[in-house]
Amino acid sequence: MERLSYYSIQTSLVERLTGLGVGAADAATAATTWSAACYAFAIAGAYLADAVIGRYAVIVGGMVVYMAGLGAVVGVTAASRGASSLLASLYVVALGTGSIKASVAPFGAALFRVEEAEGGGGEGDTPPTAWPNRERALLARYWNAFYASINVGALVASLAVVNVQRSSWTLGYAIPLAAFALALIAFLAGTPLYEPQPPVRGPLQAFARVLRGAWRQRRRPQDAPPLLAPGAPAARSAFMPWLDKAALPAGQEAV
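An account of the accompanying structure is given in this report. Keep in mind that this is a model prediction, so the values were computed, not measured.

1. Observations regarding the layout of surface pockets
Here is step 1 of the chain: Taken as a whole, the largest pocket spans an internal volume of roughly 800 Å³.
Here is step 2 of the chain: Residue lining of the largest pocket: 25 residues in total, with Met1, Glu2, Val104, Phe146 and Ser149 positioned closest to the centre.
Here is step 3 of the chain: Among the elements that take part in the lining of the largest pocket, helix α7 (residues 133-167) stands out by supplying 8 residues, more than any other.

2. Things to note about the nonpolar core
Here is step 1 of the chain: Among the nonpolar cores identified, the biggest contains 31 residues, and Trp34 and Met63 are the most heavily contacted of them.
Here is step 2 of the chain: When contributions to this core are tallied by element, the ones reaching two or more residues are α1 (2-10), α2 (13-19), α3 (24-52), α4 (55-78), α5 (83-101) and α8 (169-189).
Here is step 3 of the chain: The leading source of residues in this core is α4, at 8 residues.
Here is step 4 of the chain: Sequence-distant contacts of Met63, that is, excluding residues within four places in its chain, are made with Ile100, Phe180, Ala183, Leu184 and Phe187.
Here is step 5 of the chain: Ala109, Leu139, Tyr142 and Phe146 belong to the second largest nonpolar core, which has 5 residues in total.

3. A look at empty space enclosed by the protein
Here is step 1 of the chain: In this structure the tally under the stated criterion is 1 cavity of 30 Å³ or more.
Here is step 2 of the chain: Each pocket or cavity is described by its volume, and for the largest cavity that value is around 30 Å³.
Here is step 3 of the chain: Taken together, Arg16, Leu20, Val76, Thr77, Arg81, Gly82 and Leu86 make up the full set of residues lining the largest cavity.
Here is step 4 of the chain: Looking at the lining of the largest cavity, its residues break down into 3 nonpolar, 2 polar and 2 charged.

4. Let's talk about the side chain of Ser35
Here is step 1 of the chain: The topology assignment puts Ser35 in helix α3.
Here is step 2 of the chain: By relative accessible area, Ser35 is classed as buried at 13%.
Here is step 3 of the chain: Of the polar contacts made by the side chain of Ser35, one reaches the side chain of Tyr6; its length is 2.6 Å.

5. Remarks on unusual backbone geometry
Here is step 1 of the chain: For Ser80, which is not a glycine, the phi torsion comes out positive at approximately 55°.
Here is step 2 of the chain: Mapped onto the secondary structure, Ser80 falls in the loop between α4 and α5.
Here is step 3 of the chain: On the basis of relative accessible area, Ser80 is assigned to the exposed category, the value being 62%.

6. Re α5
Here is step 1 of the chain: For α5, which comprises 19 residues, the first-to-last C-alpha distance of 26 Å matches the rise-based estimate of 27 Å (1.5 Å per residue) to within 8%.
Here is step 2 of the chain: Where α5 is concerned, the buried positions are Ala83, Leu86, Ser89, Leu90, Val93, Ala94, Gly96, Thr97, Gly98, Ser99 and Ile100.

7. Here's the deal with α1
Here is step 1 of the chain: Among the 9 residues that make up α1, 7 are buried, leaving the element largely enclosed by the rest of the structure.
Here is step 2 of the chain: Residues of α1 that are buried sit in contact with α2, α3, α4, α5, α7 and α8.

8. Side note on the pattern of salt bridges
Here is step 1 of the chain: Applying the stated criterion to the full structure yields 3 salt bridges.
Here is step 2 of the chain: The residue Arg3 makes a salt bridge to Glu2 at a minimum N-O spacing of 2.7 Å. Comparing Arg3 with Glu2, the two get one shared label, buried.

9. Re the environment of Gly71
Here is step 1 of the chain: By secondary structure assignment, the location of Gly71 is in helix α4.
Here is step 2 of the chain: Taking the C-alpha atoms as reference points, Gly71 and Tyr173, 102 residues apart in sequence, are found 8.6 Å from one another.

10. Concerning the packing of α4 against α8
Here is step 1 of the chain: At a closest axis distance of 9 Å, the pairing of α4 and α8 adopts a crossing angle of 160°. Regarding the angle of α4 to α8, the classification is roughly antiparallel. Where α4 crosses over α8, the two elements pack in a sense that is left-handed. Here Tyr56, Ile59, Val60, Met63, Tyr66, Met67, Leu70, Gly71, Val73, Val74, Thr77 and Ala78 of α4 lie close against α8, whose contacting residues are Trp169, Thr170, Tyr173, Ala174, Pro176, Leu177, Phe180, Ala181, Ala183, Leu184, Phe187 and Leu188.
Here is step 2 of the chain: Here the residues of the contact of α4 with α8 are counted per class, giving 21 nonpolar, 3 polar and no charged.

Conventions adopted
- Residues numbered from 1 in each chain as written.
- Predicted model: local features only at pLDDT ≥ 70, side-chain atom pairs only at ≥ 80, totals over all residues.
- Heavy atoms only, no water.
- 1 Å grid on protein atoms, 1.4 Å probe; cavity = no way out; pocket = protein on both sides within 12 Å on 5 of 7 lines; lining within 4 Å.
- Points joined across faces, edges and corners; volume = space filled by probe spheres on them.
- Helix = DSSP H or I, 4+ residues; strand = E, 2+ residues; numbered from the N terminus.
- Core = buried A, V, L, I, M, F, W, Y, C linked by side-chain atoms within 4.5 Å.
- Buried < 20%, exposed > 50% of the residue type's maximum accessible area, 1.4 Å probe, protein only.
- Contact = heavy atoms within 4.5 Å.
- Nonpolar A, V, L, I, M, F, W, Y, C, P; charged D, E, K, R; others polar.
- Polar contact = N/O pair within 3.5 Å; in protein donor to acceptor, adjacent residues only side chain to side chain.
- Expected span 1.5 Å × (residues − 1).
- Salt bridge = Lys/Arg side-chain N within 4 Å of Asp/Glu carboxyl O.
- Axes fitted to C-alpha atoms, helices over the stretch in contact; angles between N-to-C directions.
- Parallel < 35°, antiparallel > 145°, perpendicular 65-115°, else oblique.
- Left-handed = near helix turned anticlockwise from the far one by under 90°.

See below:
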């Protein structure tokens, strides 16, 4: 339903903007910029999902924002507002799609947990290659169904919804809004079946901590001994050696 909604807008956006008096070149630029924003927001959405609040919260929040944006698109279209109002509403949609684009697929895949690995008990961290054949088959079926649904949504949007828009833009935008409302209801209805997926510290967080530590101890001697785990060999960074200061013991005078 998200892909149906996205392509219902993206496929006909240049046509819609030119119909509102925007020049062809400017309309193409605006449509491309909006599409790029959808993918750019996905980076922030992935970070929030993986490291801050978890995938479930990001997906639900993103779907609510997405629906608000679609509702605004329908509203400004029904009120015959101009291109500026339409684009403002579309960027709310971009924020919503970015919040869920990078989260839905891994959220679904993570629900396939192995109960017992071959040769003994196993946990969810067991590599897929060690899973029983049934688990591997179910995960493969999930990915097949997931990508099939994406293509079906894009196909329906490009062949059917766009044709409805040429007769009535308001109705053409109301269709993805209604479809997305059904998707939100279905997703929430499955909540009791989902396994918790708490956020974990990701690479961006670790890199931010290194930068913060290096900045705070920037005035410490460069040859101070780093903070090492017992028995770990001493090492220095050949690239950006000032980052080594992040490993100095805080609050202690370096020797």
